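Commentary on secondary and tertiary structure
For reference, the chains in residue letters:
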Amino acid sequence: MFPKGTKRKFSDSGEEAVSSGDQGPASPSVAARTLSSSYSLQRQSLLDMSLIKLQLCHMLVEPNLCRSVLIANTVRQIQEEMTQDGTWQIMTQALAAAQCPTDRLVATEVLCRQTDAAAQAGQSPKPYSVVGVEEGYHSEEVVMEGDVETDVTMSTLSPVSPQLSSASYLAGPFGMGPCWEEEEEDGECEEEEEEDSEECVSEGEEGDGDHLSADSRTGEQVFGTFEIKHPAPPPDPALEELFSDVDPSYYDLDTVLTGMQSAPKMGPYDLLDSLSSHGPTALSSSSSCRSDLNELDHIMEIIVGS
Amino acid sequence: QKCVYSTWWPYLFSFLQFLLLTADIISTVEFNQSGELLATGDKGGRVVIFQQEQESKNKLQCRGEYNVYSTFQSHEPEFDYLKSLEIEEKINKIRWLPQKNAAHFLLSTNDKTIKLWKISERDKRPEGYNLKEEDGRYRDPNTVTTLRVPVFRPMDLMVEASPRRVFANAHTYHINSISVNSDCETYLSADDLRVNLWHLEITDRSFNIVDIKPANMEDLTEVITAAEFHPNQCNTFVYSSSKGTIRLCDMRAAALCDSHAKLFEEPEDPNNRSFFSEIISSISDVKFSHSGRYMMTRDYLSVKIWDLNMESRPVETYQVHEYLRSKLCSLYENDCIFDKFECCWNGNDSVVMTGSYNNFFRMFDRGYQQDMTLEASRENSKLRSVLKPRKVSTGGKRKKDEISVDSLDFNKKILHTAWHPLDNIIAVATTNNLYIFQDKLN
């Protein structure tokens, strides 16, 4: 099934449970749904896998909007089903109570936090709005007037809440170097909470001048990656100079990730292996996440250049 | 000339040619309208055009081979310095214009820019200038005593490709399709969210005729995957989506064709519902039949033929590799589920063809309701020999010569195939190589 040598994660017979999906009546009872813990496991793993894929979109040789949309829709479907049978609420509550939030995949965690915030705001959890870690280099517009704001970068990376410190690690390596805030036309800096704070940069503006709300920004950030901006004005020599001493090797994702694991070439699913956990058992183990966190802090330092 | 082999399958393809292309991955394959020329585009932005040899009158059963006719660099990588974003030079599509004079024209596109190329032959050159020597040096005017008219003399054939038009800056997203209109004056280009209409002579503007970009990108759930003009009706085109729908639009109805004239969609089979249902329903290619009465769509597991007069469901469905349905989770994990296979019709619309994995490709004869699996592989086929049909074993017991699903090589995928418009010659692209097969029967 895989290119030879790749480890298989689940037996394909086990996949039947996931592949066959919604068997039975249109609105199964919660009891019927939780019948198969194997199904829940598979579904959770599919969710984890999908979120990782979304975050690592830019690792592809060719960024692919169609693929991202399909993955995002899959995540939505899973979330809807989990919401219907109550597992979603259970998961978010468990995560909130967890000692070490970094046990969960970052994006899942963020997703839950978003839901929490929405709940706190008195709304029902909205359908999952795609939260992707924005590759800063795709969407940033460098501030042309005045000095380039390096301090804005630092403030963006420092988390809004302590829980996000684990979340922001992913923003670092995938931000591919110094991140620049985009300035709104009214001069206001983007500093949005939650999912946006892990992302280095907010979306570059459309030619048609959409003024994006906070919510739309998230989808924009993922899908906006795939825009091909029309030819920019010739690069400012001052900016070229600014970038000239940045070591281009830091832009090599492979180099970055090599620091994380000993394997010379790491694919997105190895990341899944190293970080994700399968099911509720994950919540109890905290030692592995701490060593991961140290490694990731290390990488953050490299990227930020401190 | 009677067929030696008794077979229910009306075609016997034999291995005509194996062409080793560059180290770059082939990204598109297209015959021109006469079939004399075969164009390939690759990941490195190059276009290689092959020309069929004139048929030898002596060898009745053997069509001419294809030889390299022209090679040129169509697109170069572009780099947006401000965003550290590279725009790939990979040729996504090539489409030939109908031939009007001695020169040939084709459109080639990468993610962002479409170019019109003129390919012309030069086999004569003027000789006998008064003021210049043959090598170009100017003659001493004192030595010029007579006047003569330069004449054209034959020279070695030179094929030149020159860019005649560059259609740029009209697409924010990645271009996936181009299609020349039957009026031969306009063409469409489609990206993930928009379809634009161009006039071949005008490069500085295009008309946007479809725009499915939501006001709020967060609401984006569907993208355009392919688009094509109707072969006869110059006002009609279709575009397919990632949700498995095809919309047929009439440009006479409105300037912006966001609302379709017809919507083709097959209702989902509730028994097959899974988290992967939408992904596998995403249409990777759409092609009108030559007649214009039908269109064919390719989704991950099947090929469907639609009658343009019936929107509710396809008239024919062919399973390409149904044995993969139970493997969708693995294929999702290794991203194979996102592979975009193309499909094509034969000249008289009786057979359709598409690629699969393990360098297999599949043909479906609509008349005989038979199908065939063949393999494009140098190791497993000798030149000039008839291709042996392949079979993937789906049951428990694997018969001799069958291949089990688990030993299929998912890195060997055939995404691009083309069928000669008039003859039974097919071009099949594996990752780096182009295979040409011809039908042995006359």
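No experiment lies behind these values; they were computed from the predicted model shown.

Focus on the side chain of Glu402 of chain B
Residue and element names in this part refer to chain B. Looking at the secondary structure, you find Glu402 in strand β29 (residues 402-404). One buried charged residue, Glu402, remains without a salt bridge, the closest side chain of opposite sign being Lys399 at 4.1 Å. For Glu402, the contacting residues outside a window of four places in its chain are Lys391, Ser393 and Lys397.

Overview of the nonpolar core
Leu47 of chain A together with Tyr300, Leu324, Leu331, Tyr332 and Ile337 of chain B are the most contacted members of the largest nonpolar core, which totals 45 residues. Listed by contribution, the elements that provide at least two residues to this core are α3 (37-55), α4 (65-84) and α5 (87-97) of chain A together with α1 (277-281) and α2 (328-333) of chain B. Broken down by element, the residue count for this core peaks at 9 residues, all from α4 of chain A. Setting aside residues up to four positions removed in sequence, Leu47 of chain A forms contacts with Val75, Ile78, Met82, Trp88 and Met91 of chain A.

Let's talk about the sheet that holds strand β24 (residues 343-345) of chain B
Residue and element names in this part refer to chain B. Spatially, the 4 strands line up as an open sheet ordered β24-β25-β26-β27, and their pairing is antiparallel. Two strands in the sheet have a free side with no partner beyond their single neighbour: β24 and β27 (370-375). Strand-to-strand twist across the sheet, computed as the mean angle between neighbouring axes with direction ignored, equals 20°. Relative to strand β26 (residues 360-365), strand β25 (residues 351-355) is paired through 5 bridges, and the arrangement is antiparallel. Considered in β26, the bridge of Gly355 is made with Phe361.

Let's talk about the pairing of strand β23 (residues 316-319) of chain B
Put simply, side chains in a regular strand alternate between the two faces of the sheet. Residues and elements named next belong to chain B. Side chains of β23 alternate between two faces, with Glu316 and Tyr318 buried and Thr317 and Gln319 left unburied. Inspection of the sheet shows strand β22 (residues 302-307) paired to β23 by 4 bridges, in the antiparallel sense. Following the sheet pairing, Lys304 is matched in β23 by Thr317.

Considerations on α5 of chain A
All names here are of chain A. Here α5 has its buried residues at Thr87, Trp88, Met91, Thr92 and Leu95. The buried residues of α5 occupy an angular sector of 135° when the element is viewed end-on, so they sit on one face. Exposed side of α5, more than 90 degrees from the buried face: Ile90, Gln93, Ala96 and Ala97 are the residues found there.

What to know about the pattern of salt bridges
If you walk through the whole model with that rule in mind, you get 30 salt bridges over all chains. Of the charged contacts in the structure, one is a salt bridge between Asp42 of chain B and Arg46 of chain B, with a shortest N-O distance of 3.7 Å. Each member of the salt-bridge network shares a partner with another, and the members are Arg43, Glu81 and Asp85 of chain A.

Brief notes about the confidence of the model for chain A
Residue and element names in this part refer to chain A. Averaged over all residues, the pLDDT of chain A equals 52, while 19% of them reach at least 70. Considering each helix and strand of chain A separately, the mean pLDDT is smallest for helix α9 (residues 164-175), with a value of 32, and largest for α4, with 94. In the predicted structure, residues 229-235 sits below a pLDDT of 50 and forms 17 contacts with residues beyond four places in sequence or in another chain. Confidence over residues 239-287 falls short of pLDDT 50; this stretch has 85 contacts with residues more than four positions distant or in other chains.

Some thoughts on the environment of Phe237 of chain B
Residues and elements named next belong to chain B. Following the sequence through the fold, Phe237 ends up in strand β17 (residues 236-241). Expressed as a C-alpha distance, the spacing of Phe237 and Ser179, which sit 58 residues apart in the sequence, is 9.2 Å. With sequence-adjacent residues up to four places away left out, Phe237 is seen in contact with Leu188, Val195, Ile209, Val210, Glu228, Phe229, His230, Arg247, Leu248, Cys249, Met251 and Cys257.

Examining the sheet that holds strand β12 (residues 175-180) of chain B
In sheet architecture, strand pairing relies on hydrogen bonds along the backbone and comes in two forms, parallel and antiparallel. Residue and element names in this part refer to chain B. Overall, antiparallel pairing links the 4 strands, which are arranged β12-β13-β14-β15 in an open sheet. Across the chains shown, the open sheet's two edge strands, defined by having one partner strand only, are β12 and β15 (202-211). On average, each strand axis in the sheet is tilted by 25° relative to the strand beside it, whichever way the strands run. Direction of pairing for strand β13 (residues 186-191) relative to strand β14 (residues 194-199): antiparallel, over a ladder of 5 bridges.

Criteria and cut-off values
- Residues numbered from 1 in each chain as written.
- Chains lettered and ligands numbered in written order.
- Predicted model: local features only at pLDDT ≥ 70, side-chain atom pairs only at ≥ 80, totals over all residues.
- Heavy atoms only, no water.
- Helix = DSSP H or I, 4+ residues; strand = E, 2+ residues; numbered from the N terminus.
- Buried < 20%, exposed > 50% of the residue type's maximum accessible area, 1.4 Å probe, protein only.
- Lys, Arg positive; Asp, Glu negative; His and termini not counted.
- Salt bridge = Lys/Arg side-chain N within 4 Å of Asp/Glu carboxyl O.
- Contact = heavy atoms within 4.5 Å.
- Core = buried A, V, L, I, M, F, W, Y, C linked by side-chain atoms within 4.5 Å.
- Pairing = 2+ DSSP bridges.
- Axes fitted to C-alpha atoms, helices over the stretch in contact; angles between N-to-C directions.
- Arc of directions from axis to C-beta.
- pLDDT = per-residue confidence, 0-100.

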